[in-house]
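Below, each chain spelled out in residue letters.
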Amino acid sequence: MSAVPGGPTAGPSRRDPYAGFEGRVGRTFAESEPAWPPRRAPGAAGPGRAPNIVVVLVDDMGYSDIGPFGSEIPTPVLDELAGRGLRLANYHTMPLCSPARAALLTGLNPHRVGYSTVANFDPGFPGYGMEIADDVPTLAEVLHDAGYATYAVGKWHLTRDSASNAADDRRNWPLQKGFDRYYGVLEGLTSLFHPHQLVRDNSPLDIDELPEGYYYTDDITDEAISMVKSLRAHDPDKPFFLYVAHNAVHGPLQARPEDIERQHGRYEGGWDALRATRFARQIADGLFPEGTALPGRNSEAGFEVGPWSELTDVQQGRCARYMEVYAAMVANIDRNLGRLTDTLRALGELDDTIVVFTSDNGGTGEGGPEGTRSYFSRFVHQPVPDDWEPDVDRDTGLIGGPQSLVHYPRGWGMASNTPFRLYKGQTHAGGVRVPFVLSWPGGLPRAADDPGVRHQYQYVTDIAPTLLDLAGVPRPGHRLGRPVQEPDGVSFVPVLRDGRTESAHREQYCEISGNRSFYRDGWKLVTLHRPGTPYDDGEWALYDLRTDPTETTDVAAGHPGVVKELAAAWEAAAWRNGVFPLGDGSGALALRHPAEERFHRPLTLLPGTPELERYRSSLLISFRSFDVTVELDEHGPADRGVLVSHGDQGGGYSLYVEGGRLRFAYNEYGRLHEADAGPLPAGRRTVTLSATAVEGLRWEFRVLVDGAETGRLDRGVHQLIGMAPLQGISVGVDRKSPVSWPLYERHRSFRYTGGLRSVTYAPGAHAPYSPELVARALGEAAAAFE
């Protein structure tokens, strides 16, 4: 319809409000005819409405950890889904979490999206940008544009750590990447009993204490079920996409006591026996052909696993406990999936819902040869002094509970990855082959003679195009008026519908932390790169996966032409996908965007400030001396509580007043140190905690009142580095996971009752061993020789 006669003329900056209207507009309603633009409604691959889509992604779960892939862990819900659906026995992913998630949600190779590694780096190169660009539509965005409701719960880990704070523009948070609702943790890991920063939609939650009996896996499932129920209460027809990204079974391993008890005694036989029984089930189930070899125990230096029989009885008992906790976490995931599928069944929608269950990468060797009860003391990437304690001797009964942040010994990671070699972080099969179950009875009914196992090679980038294909939603060539990047993945719907169909995914490069591989038509070229060594063709091993799916026999010497061809193909793919530069000994990964310099300035926090985010908090103290000054307007004789806290049961420190005395607590990766700083006199006071960085990655602590020293720790303590402290800084309270468990048992979060004016952090200069300073020095030295 044309513009109103006599009205203003439409121009470049003024659009005719009636342009394109298909009804008729007169001066009054009586002279007019209405018309409505069409509502968005996704197409369906079959009759009826488009299917719901549920993607369940588990963290660090190996190939053999669920019943449909050979496990003894009870997973009845997954058994049922696999029984009605399909198993992909030859599905591959990336060997680290952020790259795998980027590939899953975009259909692009992760380096192209900017995720060469986990989203905890920012060295200033395209493959390490840690942001999904606007011309890379996510699966959630495409489905949302097509009319789907889109929900996400759990682990995100696609937001750079420096952008996870409440002051960020949030452009790479879940809601800005296509999700209507989100609840979970933006970072890569957390305590399952006391998650360090929960986020609802676009806002971090300010929580002092969590309810009794809280467990994170249960919580995110509650939220997911609530989202689905709310949708159906408001709209009976709209399909939904639900992304359930578990933080479990990533370390630290933590499970409910009753769930651990159900696994008691199951793992006394050890990892060698477990591996053999799981492999036998896999062969019997048709996941591998008869004659497939089970490799020997991992023997590569730094990744080796010893025989279970050589452990002492005490060691075996402790190691069995670790695996009981891990199995309890897996069983809990299955039970929570059952709660979700029961909800869909009650709504009459389970058969009309595509359910995908898989893992982001294989099982891990992070716990070292013996396992650790001090997860963050082992989970560091800097050289540590000879007296560094990778573990704290604590009661075995604490393993798996809220007081102990633990990880299993790598023998269990090896068993988790049965029948493959090596672990998460490596491009060998143990790092990249994981379980994959897909169920959609209403749209992919299984024929009676179909065993339900697919052996074709598929890759994580194939998930998004496959789900769009099943849903009948085309991936757009343009979005918001701009062309979008083409995907790398291909739909494997033909393979799902007919197991005799060949995979359309014929070749694939992979790289993580210098470990590389290239797959083409059954051949796999792979390296296990030693950090600091040259990247040369001597690293390559070659496997014929058609006859050797478990990578036991290196045939590189017999096929030099294949090695040369695939090595050249890897090099070309690496340049095409933004893989370079590869990591070396320069320390460049420690460098950060110059804008982060503002995070190193002194900072004053006022009472009532929500907990400071983890990464922002860590920059005030990491690898440096620092002072914390607490200004008290009026401290009374009866006042008590925490003045400032930073950290949790994995490591941290706090100043508090109890019984009229000022006290300092330092949690050294699970080992608690305390200092009595004497009576705190009533009145206006200035309390200072002074930390001096000394040799050996240690701090020396002093406590001062009105400038006079009143207490100190008797000796220097190891600094908190890596991911510790996991929980950020709190003023006037010790939120959620406490620094001191005895104090928590007495007073819970223990809010200060007096007049607290402010807490000021004054970071000192970086110590000479700061990774950032070392990286800059190495770069300057290299530049001098160019």
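Anything mentioned here points back to the structure above.
Since we're looking at a predicted model, the values are computed, not measured. What you see as residue numbers is a count from 1 along each chain, following the sequence as written. This being a predicted model, a pLDDT of at least 70 is required before a residue's local features are given, and a value of 80 or more before pairs of side-chain atoms are given or counted; all residues contribute to the totals for chains, interfaces and linings. Only hydrogens and water are set aside; all other atoms, that is, all heavy atoms of the structure, feed into the side-chain values.

*Asks:* Explanation requested: the nonpolar core in the structure shown.
*Replies:* Where a protein is soluble and globular, its nonpolar side chains tend to be buried together. In this structure, Phe-240, Leu-242, Val-249, Met-329, Phe-357 and Trp-412 are the most contacted members of the largest nonpolar core, which totals 80 residues. Beyond its immediate sequence surroundings of up to four residues, Met-329 is in contact with Leu-192, Tyr-215, Ala-248, Val-249, His-250, Pro-252, Leu-253, Gln-254 and Ala-255. Membership of the second largest hydrophobic core comes to 70 residues, among which are Ala-102, Val-495, Cys-510 and Tyr-519. To form a nonpolar core, buried Ala, Val, Leu, Ile, Met, Phe, Trp, Tyr and Cys residues must be joined to one another through side-chain atoms within 4.5 Å. Burial status follows relative accessibility: with a 1.4 Å probe on protein chains alone, a residue under 20% of its type maximum counts as buried, one over 50% as exposed, and anything between as partly exposed. Contact criterion: two residues are considered in contact whenever any of their non-hydrogen atoms come within 4.5 Å of each other.

*Asks:* Is there a simple way to explain helix H2 (residues 97–106) in this structure?
*Replies:* The α-helix winds at 3.6 residues per turn, so residues separated by three or four positions along the chain end up facing the same way. For H2, a buried count of ten out of ten residues is recorded, marking the element as mostly surrounded by other parts of the structure. Along H2, the residues that are buried comprise Cys-97, Ser-98, Pro-99, Ala-100, Arg-101, Ala-102, Ala-103, Leu-104, Leu-105 and Thr-106. At the C-terminal side of H2, Gly-107 shows a positive phi close to 80°. Put simply, DSSP H or I for four residues or longer makes a helix, DSSP E for two residues or longer makes a strand, and each gets a number counted from the N terminus.

*Asks:* Help me out: how do you make sense of the pairing of strand E5 (residues 181–185) in this one?
*Replies:* Two faces make up the sheet, and in a regular strand the side chains alternate between them. Of all five residues in E5, four are buried; the element is thus mostly enclosed. By definition, two strands form a pair when at least two bridges between them are found by DSSP. As paired strands, E5 and strand E6 (residues 199–200) are joined by two bridges and run antiparallel to one another. Bridge assignment links Gly-184 to a residue of E6, and that residue is Val-199.

*Asks:* Hey, could you run me through the packing of aromatic side chains in this one?
*Replies:* Both the distance between ring centres and the angle between the ring planes are used here to describe each pair of aromatic rings. Pairing of aromatic rings covers Phe, Tyr and Trp, the last counted by its six-membered ring, and requires centre-to-centre distances within 6.5 Å; plane angles under 30 degrees mean stacked, over 60 mean edge-to-face, and any other angle means tilted. For the coordinates displayed, the defined rule picks out 31 aromatic pairs. Between Trp-570 and Phe-580, the aromatic rings sit 5.9 Å apart at their centres with planes inclined by 85°, giving edge-to-face as the arrangement. Taken as a pair, Trp-570 in helix H14 (residues 560–577) and Phe-580 in the loop between H14 and strand E19 (603–605) lie far apart in primary sequence, ten residues in all. Take Trp-570 and Phe-580: they sit in the same class, and that class is buried. Seen in terms of ring centroids, Phe-626 and Tyr-761 are 6.5 Å apart; in terms of plane orientation they differ by 15°. Their pairing is stacked. A residue pair is termed long-range when its members are at least 10 positions apart, and Phe-626 in strand E20 (residues 624–635) and Tyr-761 in strand E30 (residues 755–766) qualify at 135 residues. Judged on exposure class, the residue Phe-626 and its partner Tyr-761 are both buried. Chaining the aromatic ring pairs together yields one cluster made of Phe-626, Tyr-653, Phe-664, Tyr-666, Trp-699, Phe-701 and Tyr-761. Sitting over a ring, as applied to charges here, requires NZ of Lys or CZ of Arg to be within 6 Å of the ring centre and within 35 degrees of the ring normal. Over the ring of Trp-173 we find Arg-170, and its NZ or CZ is 4.8 Å from the ring centre. Between the NZ or CZ atom of Arg-516 and the centre of the ring of Trp-570, over which it lies, the distance is 5.4 Å.

*Asks:* Would you explain the side chain of Gln-316 in this entry?
*Replies:* As for its placement among the helices and strands, Gln-316 is situated in helix H8 (residues 313–346). On the accessibility criterion, Gln-316 (19% relative accessible area) is buried. Contacts described as polar in this section are N or O atom pairs within 3.5 Å, which, within protein, must combine one atom able to donate a hydrogen with one able to accept it, while residues neighboring in sequence count only if both atoms come from side chains. Reaching out from Gln-316, the side chain makes a polar contact with the backbone oxygen of Trp-308 at a distance of 3.1 Å. With sequence-adjacent residues up to four places away left out, Gln-316 is seen in contact with Trp-308, Ser-309 and Leu-311.

*Asks:* What exactly am I supposed to notice about the packing of helix H5 (residues 216–234) against H8 here?
*Replies:* Lines fitted to the C-alpha atoms define the axes, with helices restricted to the stretch that makes contact. Angles between their N-to-C directions range from 0 to 180 degrees. Relative to each other, H5 and H8 sit at 10°, their axes nearing to 10 Å. In terms of axis orientation, H5 runs roughly parallel to H8. Between H5 and H8, the residues in contact are Thr-217, Asp-218, Thr-221, Asp-222, Ile-225, Val-228 and Lys-229 and Asn-332, Ile-333, Asn-336, Arg-339, Leu-340, Thr-343 and Leu-344, respectively. An angle counts as roughly parallel when it lies under 35 degrees, as roughly antiparallel when it exceeds 145, as roughly perpendicular when it falls between 65 and 115, and as oblique in every other case.

*Asks:* For this particular structure, what's the right way to read the sheet that holds strand E2 (residues 86–88)?
*Replies:* Strand order in the open sheet formed by ten strands is E7-E6-E5-E4-E8-E1-E9-E10-E2-E11, with mixed pairing between adjacent strands. Here the strands that pair on one side only, and so sit at the sheet edges, are strand E7 (203–204) and strand E11 (453–454). When E6 meets E7, the two strands line up antiparallel, connected through two bridges. Bridging across to E7, Arg-200 finds its partner in Ser-203. Contacts from helix H1 (residues 76–84) reach E2, strand E9 (353–359) and strand E10 (436–439), with the element oriented near 65° to E10. H5 rests against strand E1 (52–58), strand E4 (149–155), E5, E6 and strand E8 (240–245) of the sheet, and its axis sits at about 175° to E4.

*Asks:* What's the story with H14 in this structure? I'm lost.
*Replies:* For H14, which comprises 18 residues, the first-to-last C-alpha distance of 26 Å matches the rise-based estimate of 26 Å (1.5 Å per residue) to within 8%. The set of residues buried in H14 consists of Val-562, Val-563, Leu-566, Ala-567, Ala-569, Trp-570, Ala-573, Ala-574 and Asn-577. Buried residues of H14, seen end-on, are gathered within an arc of 165° and therefore sit on one face of the element. Along H14, the residues that are exposed and aim more than 90 degrees away from the buried face are Pro-560, Lys-564, Trp-575 and Arg-576. Of the surrounding secondary structure, the elements contacted by the buried residues of H14 are helix H3 (110–113), strand E15 (507–512), strand E16 (515–520), strand E17 (523–526) and strand E18 (541–544). At the exit of H14 stands Gly-578, carrying a positive phi of roughly 80°. Residue count minus one, scaled by 1.5 Å, sets the expected span of a helix. Working note: the arc is built from the helix axis to C-beta atom directions.

*Asks:* Where do I start with the state of the cysteines in this structure?
*Replies:* By convention in this document, the label disulfide applies to cysteine sulfur atom pairs within 2.5 Å. Taken as a whole and assessed by the stated rule, the structure comprises zero disulfides. For the unlinked cysteine Cys-97, the closest cysteine sulfur is that of Cys-510, found at 14 Å.

*Asks:* I'm lost on unusual backbone geometry in this one. Help?
*Replies:* Across the chain, the bulk of peptide bonds are trans and the bulk of non-glycine residues have phi less than zero. Note the cis peptide between Ala-248 and Val-249, where omega equals 10°. Here Val-249 lies in the loop between E8 and helix H6 (257–262). Here the residue pair Thr-418 and Pro-419 is connected by a cis peptide bond, since its omega of 5° sits within 30 degrees of zero. If you trace the backbone, Pro-419 turns up in the loop between helix H10 (410–416) and helix H11 (429–432). Within the chain, Arg-170 stands out as a residue other than glycine whose phi angle is a positive 65°. Here Arg-170 lies in the loop between E4 and E5.

*Asks:* What is the right way to look at the packing of H1 against H8 in this model?
*Replies:* Interhelical geometry of H1 versus H8 gives an angle of 55° and a closest axis separation of 8 Å. Taken together, the axes of H1 and H8 are oblique relative to one another. Along its contact with H1, which presents Pro-76, Val-77, Leu-78, Glu-80 and Leu-81, the element H8 presents Asp-334, Leu-337, Gly-338, Thr-341 and Arg-345. Note on residue classes: Ala, Val, Leu, Ile, Met, Phe, Trp, Tyr, Cys and Pro are nonpolar, Asp, Glu, Lys and Arg are charged, and everything else, Gly too, is polar. In terms of residue class, the contact of H1 with H8 is built from five nonpolar, two polar and three charged.

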